Amino acid sequence: MADRPARRRVRILADITPLRTSADYRRLWIGNTVSWTGQAMTALAISLQVYEITGSSFSVGLVGLFSLVPLVAFGLYGGAIADTVDRRKLGLYASAGMCALSFALAAAALAGWHRVWFLYAIVALQALCQAIVSPARTSMIPRLLPPEQLPAANALGSMTTTSGLMAGPMLGGLVVGLWGFQAAYLIDAVTFTAALYAMWRLPSMKPDRSADSRKRASVLDGLRFLATRPNIRMTFFTDLCAMVLAHPRAVLPAVAVVWFHGDARTTGLLVGALAVGALLGGVFSGWLGRVHRHGLAIVIAVAAWGGFIAVFGLTRQLWLGMILLALAGACDTVSMVFRSTMLQAATPDEMRGRLQGVFIVVVAGGPRLGDFLAGSVADLTSPTVAFTGGGLACMAAVGLLALRWRRFVRYDARAPEA
């Protein structure tokens, strides 16, 4: 009787088997978790410094643009490079580049050299390095772990991202307030040593290339491969249904005032509810490893995301709205875990980098398109239409996709096929 609760916790809480069984994965996960928090600190510090220099919210908004464009533009090429060279070395060099950029930020701040164009340039170069390191790092995971541990690894990865995005800005604001911008940049640079150490300890990770493959991997070859793999394409289509049709984050500041009679703090609560839900989805992800119908799980999770967003558009109670957004965030984590797992398991190693590059483009670009669409709809009609209409459109779109590609719904992780 005494061990029954323990077994139940194992089934409910995140499965940490990958951390126990693979020292290489454990170091990679710890290094990524530490460095991701540092990156989030730097992102906030740069925004604060740009505003201090210019006093312009528009100038702060350009920080996001200078980050997004290189990430989308070079995401595909970063994946192609990861399918050509030793991924360990590529990740090591790109991480070293990001570390050097953080030291450059700290040095400029210490010298009192404050130039907005310099900050924009650093942000763009950081995004370029991220577009290179992310496909390399993600495509390593299936080489470090057996297929049955991939859902657990992706759930742990989601916790890294979400916790970093939550803790990083809070720590960044505290550090900047106490010791200045240079302290935040120096901390970020130091945290990158964890990622560098993890990459340095990895074995060689050259992609498994077929004998007749070209010397240099081609982006076009990756896209041609994707065109012949309906199950992998569906992982991108379903994510776009959620992020483009039902991602009205840009409308949250308006509804915080109009619906909930609040202010910026209310907006923070609503945005935070999504993040908390996503984090809890990772913390309580132990059951995901027992799910084999990954395609069906993705369809259900995306439809549930749309449903919670649609109902949020009808509520005028702040506490209920936060619960609905938290549930939507948890559904997004479930969808992400299974989409990433399918992409890793059903893709041959020589193509993993390029398809991870496509993944970066979709993940980075989809929410921005969703913000633009939701903001436009809210201005032309009302915030209710943006939320409820968008959520219903998401449910309808993913349902139609599931009817059109029924093989995706029947996908079984025990016999993965692209």
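As the structure is a prediction and not an experimental result, all values here were calculated from the model.

**A short note on helix 12 (residues 264-283)**
Then step 1. With 20 residues, helix 12 extends 28 Å between its outermost C-alpha atoms, agreeing within 8% with the 28 Å of an ideal straight helix rising 1.5 Å per residue.
Then step 2. Of all the positions in helix 12, only T266, T267, L270, A273, L274, G277, A278, G281 and G282 are classed as buried.
Then step 3. The inward-facing, buried residues of helix 12 contact helix 7 (150-179), helix 11 (252-258), helix 13 (294-312) and helix 14 (318-345).

**Some words on the packing of aromatic side chains**
Then step 1. What the rule picks out here adds up to 11 aromatic pairs.
Then step 2. Between W113 and F118 the ring centres are 5.2 Å apart and the planes differ by 65°, which places this aromatic pair in the edge-to-face class.
Then step 3. Taking the relative accessible area as the measure of exposure, W113 reaches 34% and is therefore partly exposed.
Then step 4. Since its relative accessible area comes to 15%, F118 is described here as buried.

**Digging into the layout of surface pockets**
Then step 1. Here the second largest pocket defines a volume of roughly 460 Å³.
Then step 2. Lining the second largest pocket are 30 residues, with D15, E148, Q149, G289 and R290 positioned closest to its centre.
Then step 3. Elements represented by at least two residues in the lining of the second largest pocket include exactly helix 1 (4-12), helix 2 (17-21), helix 7 and helix 14.
Then step 4. No other element matches helix 7, which puts four residues into the lining of the second largest pocket.

**Points about the confidence of the model for the protein**
Low pLDDT marks stretches whose predicted atomic positions should not be read closely.
Then step 1. Confidence along the protein averages 88 in pLDDT terms, with 95% of residues attaining 70 or more.
Then step 2. Taken as a whole, residues 1-9 scores under 50 in pLDDT and shows zero contacts with residues more than four places along the chain or in a different chain.

**Section: the pattern of salt bridges**
Then step 1. Evaluation of the coordinates by the stated rule reveals nine salt bridges.
Then step 2. The salt bridge partner of R87 is D349, with a shortest N-O separation of 2.9 Å. Here R87 is found in helix 5 (residues 87-110), whereas its partner D349 is found in helix 15 (residues 349-380), with 262 residues between them in sequence. The residues R87 and D349 share a single accessibility class, namely buried.
Then step 3. Here R352 and D349 are joined by a salt bridge, their closest N and O atoms 3.1 Å apart. In this pair, R352 and D349 both sit in helix 15, three residues apart, roughly one turn of the helix.
Then step 4. Look at R352 and you get buried, because its relative accessible area is 13%.
Then step 5. Classification of D349 as buried rests on a relative accessible area of 8%.

**Focus on the packing of helix 10 (residues 230-245) against helix 15**
Then step 1. In contact at an axis separation of 7 Å, helix 10 and helix 15 are set at 20° when each is read in the N-to-C sense. With respect to helix 15, the element helix 10 is oriented roughly parallel. Note that helix 10 runs across helix 15; the crossing there is right-handed. Where helix 10 approaches helix 15, its residues I232, F236, D239, L240, M243, V244 and L245 are matched on the opposing element by L355, V358, F359, V362, V363, G366, P367, L369, G370 and L373.
Then step 2. Partitioning the contact of helix 10 with helix 15 into residue classes produces 14 nonpolar, two polar and one charged.

**Focus: the packing of helix 4 (residues 57-82) against helix 6 (residues 116-144)**
Then step 1. Where helix 4 meets helix 6, the closest approach of the two axes is 7 Å, and the angle between their N-to-C directions is 30°. Of the possible angle classes, the one that applies to helix 4 and helix 6 is roughly parallel. Of the two elements, helix 4 crosses helix 6, and the hand of that crossing is right-handed. Note on element contacts: helix 6 touches helix 4 through Y120, V123, A124, A127, L128, Q130, A131, I132, P135 and A136, opposite S59, L62, V63, F66, S67, P70, L71, F74, G75, G78, G79 and A82.
Then step 2. Classifying every residue of the contact of helix 4 with helix 6 by side-chain character gives 16 nonpolar, six polar and no charged.

Calculation criteria
Along every chain, residues carry numbers that run from 1 in the direction the sequence is written. Local features in a predicted model are, by the rule used here, given only for residues with pLDDT of at least 70; side-chain atom pairs are given and counted only at 80 or more, and totals for whole chains, interfaces and linings are based on all residues. In computing side-chain values, all of the structure's heavy atoms are included and hydrogens and water are not. Note on conventions: DSSP H or I runs of at least 4 residues are helices, E runs of at least 2 residues are strands, and numbering of each starts at the N terminus. Take the number of residues in a helix, subtract one, and multiply by 1.5 Å to get its expected span. Three exposure classes are used, based on accessible area relative to the maximum for each residue type with a 1.4 Å probe and protein chains only: buried under 20%, partly exposed in between, and exposed over 50%. Any two residues whose heavy atoms approach within 4.5 Å at even a single point are treated as in contact. Note on ring pairs: Phe, Tyr and Trp rings are taken, using the six-membered ring of Trp, and paired if centres are within 6.5 Å. Classes follow the plane angle, with under 30 degrees stacked, over 60 edge-to-face and the rest tilted. Throughout, the protein atoms alone are placed on a 1 Å grid, and a set of points is a cavity if a 1.4 Å probe fits but cannot get out or a pocket if it is open with protein on both sides within 12 Å along at least five of seven lines; lining residues have an atom within 4 Å of a point. Grid points are joined across faces, edges and corners, and a volume is the space filled by probe spheres set on the points. The predictor attaches a confidence to each residue, and that confidence, scored 0 to 100, is pLDDT. In what follows, salt bridge is the name for a side-chain nitrogen of Lys or Arg lying within 4 Å of a carboxyl oxygen of Asp or Glu. Whenever a helix is involved, its axis is fitted only over the stretch in contact; in every case the axis is a line through C-alpha atoms, and angles between N-to-C directions fall within 0 to 180 degrees. Just so you know how the angles are binned, under 35 degrees is roughly parallel, over 145 roughly antiparallel, 65 to 115 roughly perpendicular, and the rest oblique. Whether a crossing is left-handed or right-handed is set by the direction in which the near helix is turned from the far one by less than a right angle, anticlockwise for left-handed and clockwise for right-handed. Under the convention adopted here, Pro, Cys and the residues Ala, Val, Leu, Ile, Met, Phe, Trp and Tyr are nonpolar, Asp, Glu, Lys and Arg are charged, and Gly plus all remaining residues are polar.

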